[in-house]
Amino acid sequence: MGLTDIRGVWRMKPKAILVTPSLGMGGAEWWMLTLMKYLRAVEVAGIVCTCHNYNAVIVRELRKLKVPILLPTEAVECDVIIGWGGVNIRRMAGPIDIPIVEVAQGADPGVVYDSAWTATHLAAVSEAAKVMYPLGLRQKVTVIENGSDEDRVSKATQDLREEWGVKPSERVVAQVGRLVDVKRPEMLIKALKHLPENWIAVFAGDGPLRDKCIRLAREARRKVIFTGVRDDIGNIYAAADVMCMPSHSEGLSLAMVEAWLAGVPVAAAGFPSAQNIVQKWGPVITLTDRDPKPKQMAAAIRAADKSDPSLAKHVAHEHYSGTAMAKRWEKFILETVLRTRKRSWIR
């Protein structure tokens, strides 16, 4: 049965509730927003946040999509519940008889061990993200690759290079994401020492390593710009010549997909999901070692700067757009609902 046939089965769209441990400015939150925006055959009835980490930008986007933020104690009619981040939905919701989908977004072992055993269905955004599940459950995991909202990166409304004082002869290498250990932002600053003087580093994001990175930048005596968390991410990509991803691990990085969509070449450490992508699509990323030395990271940045980003942009538009991701999720959700079509209430 194809997706068209599945859509014809129901007179009313199935309803989904998304459950998240956070409404901050992370990649998983933007994954949820993109999914809500592009789903057509499934209605998102609401989103439950299990903590009090609310970002004003995310809340604003939810209001635009007319998706209510629900309390865990509220009762909402739905057909399927989708959660990420290790939230034990069955423990939160009580006795329910509808599908619960747990989604592995990252690549850190053990994060979703507890919630995985109580979910009815397991999903992961990449083959690499399966490691978040117990070994005995990984064969049951369905891979549903991420996608990004093209609207976020398609329009540049501000010339940040002029604002930053970047000269025409200078090159900008950007890292987009949280300043945390797994992203290894210090690597980019150390790599600057092995790049020509006309290279500038830009960090778009915030986190606990910000002060350390500022100190390293001062010691390196190189121009490094810290923008903090930015909503206008399209302007960041428009200002960048290369996107750097020295991360130790990633599920399927939305920042990488956004760079592709914006036509910015990517230089990355050889973490498993990046290796899998290159094996699948060809040279859409310039890879170095998984644990590179600063000099190796610098070499990858220079190689990426000379590469043609057109293949990566084509792959992103065809396979990693918000529309493409939503179609994958619609097929998965509808087939899941077809197996257990029993509406229930979350309490």
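Below is a short write-up of the structure. (Residues numbered from 1 in each chain as written. Predicted model: local features only at pLDDT ≥ 70, side-chain atom pairs only at ≥ 80, totals over all residues. Heavy atoms only, no water.)

Let us now look at the pairing of strand β1 (residues 15–20). For β1, a buried count of five out of six residues is recorded, marking the element as mostly surrounded by other parts of the structure. When β1 meets strand β2 (residues 43–49), the two strands line up parallel, connected through six bridges. Residue pairing for β2: Val-19 is matched across the bridge by Val-48. Regarding the hand of the β-α-β motif, the stretch spanning β1, helix α2 (residues 27–38) and β2 is right-handed. Of the pairings in the sheet, the one linking β1 to strand β5 (residues 80–84) comprises four bridges and is parallel in character. Paired with Ala-16 across the strands is Val-80, a residue of β5. (Buried < 20%, exposed > 50% of the residue type's maximum accessible area, 1.4 Å probe, protein only. Helix = DSSP H or I, 4+ residues; strand = E, 2+ residues; numbered from the N terminus. Pairing = 2+ DSSP bridges. Right-handed = clockwise from strand over helix to strand, strands pointing away.)

This part is about the pattern of salt bridges. A full pass over the atoms with the stated rule returns 19 salt bridges. With a closest N to O distance of 3.2 Å, Arg-91 and Asp-114 form a salt bridge. Taken together, the residues span a long stretch of sequence, with Arg-91 in helix α4 (residues 89–93) and Asp-114 in helix α5 (residues 113–116) at a distance of 23 residues. Arg-91 sits in the exposed class, given a relative accessible area of 61%. Residue classification places Asp-114 among the partly exposed residues on the basis of a relative accessible area of 41%. Between Lys-183 and Glu-250 there is a salt bridge, with its nearest N and O atoms 2.8 Å apart. Of the two residues, Lys-183 sits in the loop between β9 (171–176) and α8 (185–192) while Glu-250 sits in the loop between β12 (242–245) and α11 (254–262), which places them 67 residues apart along the sequence. Across the pair, exposure class does not vary: Lys-183 and Glu-250 are buried alike. Residues joined by salt bridges that share partners form a network here, namely Arg-60, Glu-61, Lys-64 and Asp-231. (Salt bridge = Lys/Arg side-chain N within 4 Å of Asp/Glu carboxyl O.)

Below, the discussion takes up helix α9 (residues 210–220). An α-helix turns once per 3.6 residues; consequently, residues spaced three or four apart project the same way. Taken residue by residue, α9 has Cys-213, Leu-216, Ala-217 and Ala-220 as its buried positions. Down the axis, α9 shows its buried residues gathered within 100 degrees of arc, on one side only. Exposed residues on α9 whose side chains face more than 90 degrees from its buried face are Asp-211, Arg-218 and Glu-219. In this structure, the buried side of α9 is in contact with α8 and β11 (224–226). At the exit of α9 stands Arg-221, carrying a positive phi of roughly 55 degrees. (Arc of directions from axis to C-beta. Contact = heavy atoms within 4.5 Å.)

A few words now on the sheet that holds β9. Read from one edge of the open sheet, six strands run β11-β10-β9-β12-β13-β14, paired in parallel fashion. If you trace the sheet from one side to the other, it starts and ends with β11 and β14 (286–287), each paired once. Judged from the two bridges that link them, β9 and β12 form a sheet pairing that is parallel. Looking across to β12, one finds that Ala-174 is bridged to Met-243. On top of the sheet, α8 reaches β9, β10 (199–204), β11 and β12; it is set at about 170 degrees to β10, its chief contact. Together, β9, β12 and β13 (266–268) form the strand contacts of α11, whose direction differs from that of β12 by roughly 165 degrees. (Axes fitted to C-alpha atoms, helices over the stretch in contact; angles between N-to-C directions.)

Let us now look at the nonpolar core. Ranked by size, the top nonpolar core spans 99 residues in total, and within it Trp-31, Trp-260 and Trp-329 carry the most contacts. Those residues in contact with Trp-329, other than ones at most four positions away along the chain, are Trp-31, Leu-35, Leu-39, Ile-82, Val-101, Val-103, Ala-123 and Ile-144. If you look at the next biggest cluster of nonpolar residues, it comprises 26 residues, including Leu-179, Ile-189, Leu-209 and Cys-213. (Core = buried A, V, L, I, M, F, W, Y, C linked by side-chain atoms within 4.5 Å.)

Further remarks concern the packing of α2 against helix α3 (residues 56–64). Packed helices, taken two at a time, are described by the angle their axes make and the gap between the axes. Their axes nearest at 11 Å, the elements α2 and α3 cross at an angle of 10 degrees. As summarised for this structure, α2 and α3 are arranged roughly parallel, according to the angle between their axes. Within the contact between the two elements, α2 uses Glu-29, Trp-30, Leu-33 and Met-36 and α3 uses Val-57, Ile-58, Glu-61 and Leu-62. Taken together, the residues that form the contact of α2 with α3 break down as six nonpolar, no polar and two charged. (Parallel < 35°, antiparallel > 145°, perpendicular 65-115°, else oblique. Nonpolar A, V, L, I, M, F, W, Y, C, P; charged D, E, K, R; others polar.)

We now examine the sheet that holds strand β7 (residues 121–124). Reading across the sheet, the seven strands line up as β3-β2-β1-β5-β6-β7-β8 and stay open at both edges, with parallel pairing between neighbours. The open sheet is flanked by β3 (69–70) and β8 (141–143), the only strands paired with a single partner. Where strand β6 (residues 100–104) meets β7, four bridges bridge the pair, whose relative direction is parallel. Within the sheet, the bridge partner assigned to Val-103 lies in β7 and is Ala-123. Together, β1, β2, β5 and β6 form the strand contacts of α2, whose direction differs from that of β5 by roughly 155 degrees.

Looking at α3, one finds that the buried residues are Val-57, Ile-58, Val-59, Glu-61 and Leu-62. Capping the start of α3, Asn-55 holds a side-chain oxygen 2.8 Å from the backbone nitrogen of Val-57, two or three residues further along. Phi turns positive one or two residues past the end of α3, at Lys-66, with a value near 60 degrees. (Polar contact = N/O pair within 3.5 Å; in protein donor to acceptor, adjacent residues only side chain to side chain.)

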